[in-house]
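Okay, here's what each chain looks like letter by letter:
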Amino acid sequence: MRYIDKVNGTKYNHPVKMEKQRGRNMLSDNIGRSGSRLTFAGHDVTHLAEQYGTPLYLMDEERIRRNCRMYLQAFRSSFGGNSLPLYASKAASFKQIYRIMAQEGMGVDTVSSGEIFTALSAGFPPERIFFHGNSKTDADIRYGVASGIGCFVVDNTEELLALNREAGCQGKKQKVLLRITPGIDPHTYDAVNTGMVDSKFGVPVETGQAIEFVALALTMENLQLCGLHCHVGSQVFDEDVFERTVDLMVRFMAQVRDELGFTLEELNLGGGYGTRYQDSEPQVDIPARIAEVAKRLREQCAKYAFPLPRILMEPGRSIVADAGMTLYTVSSVKRIPGYKSYVAVDGGMTDNPRYALYGSRYTVYHAEKSGGKEAVFDLVGRCCESGDIIQPKVSLPEDTCRGDIIAVCTTGAYNYSMASNYNRLPRPPIVMLREDGAYLAVKRESLEDLCALDI
Ligand SMILES: *Cc1c(COP(=O)(O)O)cnc(C)c1O
């Protein structure tokens, strides 16, 4: 598929025409080897590292668009024309990503005034923005309502009351979804579980609080209650998590109709489909899963004689994760005989805190060497923290040395968006890759940028 979007003011370079080939045994089909040289989205990564410097975030634009289209088509065929996938932009938030989402016809999820501001600055239509978060401030609520945000996903009673007041002050009727905690364990890592009864997010069904929450929302004169939202977790691989969620949510929507006499029309099932970070992990067939969810939805709605709601979902990771790669330059290789060996690079937990945060797994490749003898190293960063590990026990050429380029795969989600300036390290730039060239979407922070706010 072709698309035309010349980004203003960006220069396109002319990449060496590479043979488009998927290297055998590579993690994803946008990663390859041309001889001994690693390629990403058809570009020679060593070349990109020379041109833009390291550490460097790469994003495969074609892959982002392909992932969006996969969701859009699956939604259309499984849930019908009024359904909408929303990109959960906390996974990677910068202006160009919102332009791509606008062009592809996606909605977006935001969780802060900062994300909303970024989306609006990029020209994203406010009516397709959803505003999440369990702790929205008065300023967030004021800004969201004033910006004409399509829908607030209200997390709790205090927010509901504050939002109703603010909408009244601004003379608006604000659309809302209510975040409900269905009480589901998706069997993922604790830090990314969000749908269980004792979660900090949403209002639980089990305790009877959810029905009271809906009843209260129906009395809010400045709010229009459209439906419910739930989100059970991230990195979900279990087959039937969304089906079980549908069971509970439709049952609860029927309860709302029976007890409160109100028919909710929208159901947002959240995000969370898993992405493959290592060969040992499964590949989720998302369109097939969505078809299963739709089947269950129709069954449950028939069971309760409930009209089919408009379905929304909020994929983040599965839109951008496999579109990302991070390049580093090796600064030192340390071998401690009888213990272990380290490869230290010019980035670390500042550009990718995910291993330090929750032990995330990654696949790591050397950019140039292949075929020779390999050894096991801990790939570590340059921060003053022993926990600054990008990935332990990675296999790299035995003779890896200072100056070599190392690629960490599948870094498109929750890397740039979680980056920090710890140790006063400037954040890396984001370079977008297309078939016809590469361009900067986010500039590298300079040393002056680091002091920009210091007085
Ligand atoms: C984080 C989050 C998502 C996106 O989750 P992914 O695992 O990245 O798909 C969607 N909805 C909500 C409410 C979230 O908090």
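Further up the page is the structure itself.
What counts and how
Residues numbered from 1 in each chain as written. Predicted model: local features only at pLDDT ≥ 70, side-chain atom pairs only at ≥ 80, totals over all residues. Heavy atoms only, no water. Near = heavy atom within 4 Å. Polar contact = N/O pair within 3.5 Å; in protein donor to acceptor, adjacent residues only side chain to side chain. Nonpolar A, V, L, I, M, F, W, Y, C, P; charged D, E, K, R; others polar. Disulfide = S-S within 2.5 Å. Buried < 20%, exposed > 50% of the residue type's maximum accessible area, 1.4 Å probe, protein only. Helix = DSSP H or I, 4+ residues; strand = E, 2+ residues; numbered from the N terminus. Pairing = 2+ DSSP bridges. Salt bridge = Lys/Arg side-chain N within 4 Å of Asp/Glu carboxyl O. Core = buried A, V, L, I, M, F, W, Y, C linked by side-chain atoms within 4.5 Å. Contact = heavy atoms within 4.5 Å. Expected span 1.5 Å × (residues − 1).

Asker: Just give me the short version of the site of the ligand, but keep the residues and values in it.
Answerer: Lys90, Ser234, Glu314, Arg317 and Tyr414 are the nearest of the 15 residues found near the ligand. For the ligand, a nitrogen atom lies 2.5 Å from a polar atom in the side chain of glutamate 314. Arginine 317 places a polar main-chain atom, nitrogen or oxygen, 2.7 Å from an oxygen atom of the ligand. Here the shell around the ligand is composed, by residue class, of three nonpolar, seven polar and five charged.

Asker: So what about the state of the cysteines? Which residues, and what values?
Answerer: Applying the stated criterion across every chain, the model contains zero disulfides. The thiol of cysteine 151 is unpaired, and the distance to the nearest cysteine sulfur, on cysteine 226, comes to 5.5 Å. Here cysteine 151 falls in the buried class, since its relative accessible area comes to 5%.

Asker: Would you mind going over the pairing of strand S15 (residues 341–345) in detail, with residue names and values included?
Answerer: Counting buried residues in S15 gives four out of five residues, a clear majority hidden from the surface. Bridging between strand S14 (residues 324–335) and S15 involves five bridges; their strand directions are antiparallel. Looking at S15, one finds that arginine 335 is bridged to serine 341. Hairpin connection of S14 to S15: five residues between the antiparallel strands, including glycine 338 at a positive phi of 85°. Direction of pairing for S15 relative to strand S17 (residues 374–380): parallel, over a ladder of three bridges. Bridged to valine 343 within S17 is leucine 379.

Asker: How would you summarise the pattern of salt bridges if you had to cite specific residues and measurements?
Answerer: Considering all chains together, one arrives at 22 salt bridges under this definition. With a shortest N-O distance of 2.6 Å, lysine 136 and glutamate 159 are connected by a salt bridge. In this pair, lysine 136 sits in the loop between strand S7 (129–131) and helix H5 (138–146) while glutamate 159 sits in helix H6 (residues 157–169), placing the two residues 23 residues apart along the sequence. Via salt bridges that share partners, Glu61, Arg65, Arg69, Glu104, Arg434 and Asp436 belong to a single interconnected network.

Asker: I'd like a rundown of the nonpolar core, residues and numbers included.
Answerer: Ranked by internal contacts, the top residues of the largest apolar core, which has 99 residues, are Ile64, Tyr87, Met101, Leu178, Leu228 and Val320. It is helix H8 (residues 241–260) that contributes the most residues to this core, nine residues altogether. Ignoring sequence-local partners within four residues, the contact set of valine 320 consists of Met59, Ile64, Tyr87, Ala91, Ala92, Ile97, Gly412 and Ala413. Ranked by size, the runner-up nonpolar core spans 22 residues in total, among them Met26, Ala41, Leu58 and Cys409.

Asker: Explain H6 to me, and be specific about the residues and the numbers.
Answerer: Residues spaced three or four apart along an α-helix point in a common direction, a consequence of the helix completing one turn every 3.6 residues. If you check H6, its first and last C-alpha atoms are 19 Å apart, about what 13 residues at 1.5 Å a residue would give, namely 18 Å. Taken residue by residue, H6 has Glu159, Leu160, Ala162, Leu163, Asn164, Glu166 and Ala167 as its buried positions. Capping the start of H6, asparagine 156 holds a side-chain oxygen 3.3 Å from the backbone nitrogen of glutamate 158, two or three residues further along.

Asker: Explain unusual backbone geometry residue by residue, including any values.
Answerer: For the peptide bond that leads from threonine 54 to proline 55, omega is -10°, which places it in the cis range. Here proline 55 shows up in the loop between helix H1 (45–52) and strand S4 (56–60). We note that alanine 41 has phi near 50°; this positive angle belongs to a residue other than glycine. Looking at the element boundaries, alanine 41 is found in the loop between strand S2 (37–40) and strand S3 (43–44).

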